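Structural overview for review
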Amino acid sequence: MGTISNGKTTKAYENEQAPGLDWRKASRTDLDPILKDCVILAAAPDATGHPHPHVPDGTRMVALSDDKDPGSPVLYFTRAELRKFLEGAKAGEFDDLMATDEELQQAAAVAV
């Protein structure tokens, strides 16, 4: 059985598509939902037989999914891909895609 943690609390959690992984979500979210709408990440097994030629066996991988549904699809990225994405996010390249304060309030009202 895997887990899910927001850095403050850890609970049992299993994504059917990637059993046994220990998922992490942002510390700004709760585990028993105030907003159960978070992207979750987990260290995944190293690549084996990946269909893309630039991902050789043994490449360290990261799994990405959605915490709303334990059957949500899981996407796998190399740690190098994740690093480049996070560097862009830290630089503000995706800020225009973030929810507004009003959208966060609406989401919180629906979750209650």
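Conventions adopted
- Residues numbered from 1 in each chain as written.
- Predicted model: local features only at pLDDT ≥ 70, side-chain atom pairs only at ≥ 80, totals over all residues.
- Heavy atoms only, no water.
- Core = buried A, V, L, I, M, F, W, Y, C linked by side-chain atoms within 4.5 Å.
- Buried < 20%, exposed > 50% of the residue type's maximum accessible area, 1.4 Å probe, protein only.
- Helix = DSSP H or I, 4+ residues; strand = E, 2+ residues; numbered from the N terminus.
- Pairing = 2+ DSSP bridges.
- Axes fitted to C-alpha atoms, helices over the stretch in contact; angles between N-to-C directions.
- Contact = heavy atoms within 4.5 Å.

L21, W23 and A63 are the most contacted members of the largest nonpolar core, which totals 13 residues. For this core, the secondary-structure elements that each account for two or more residues are β4 (39-44) and β5 (61-66). Of the residues forming this core, the biggest block, 3 residues, is contributed by β4.

Note: strands within a sheet are paired through backbone hydrogen bonds, in either parallel or antiparallel orientation. Ordered in space as β2-β1-β3-β4-β5-β6, the 6 strands form an open sheet in which the pairing is mixed. Pairing within the sheet leaves two strands with one partner each, and these edge strands are β2 (10-12) and β6 (75-78). On average, adjacent strands in this sheet sit at an angle of 30 degrees to one another, irrespective of strand direction. Strand direction decides the pairing type here: β5 and β6, joined by 4 bridges, are antiparallel. Of the residues in β6, the one forming a bridge with L64 is L75. Packing against the sheet, helix α1 (residues 79-90) makes contact with β4, β5 and β6, and its axis sits at approximately 90 degrees to β6.

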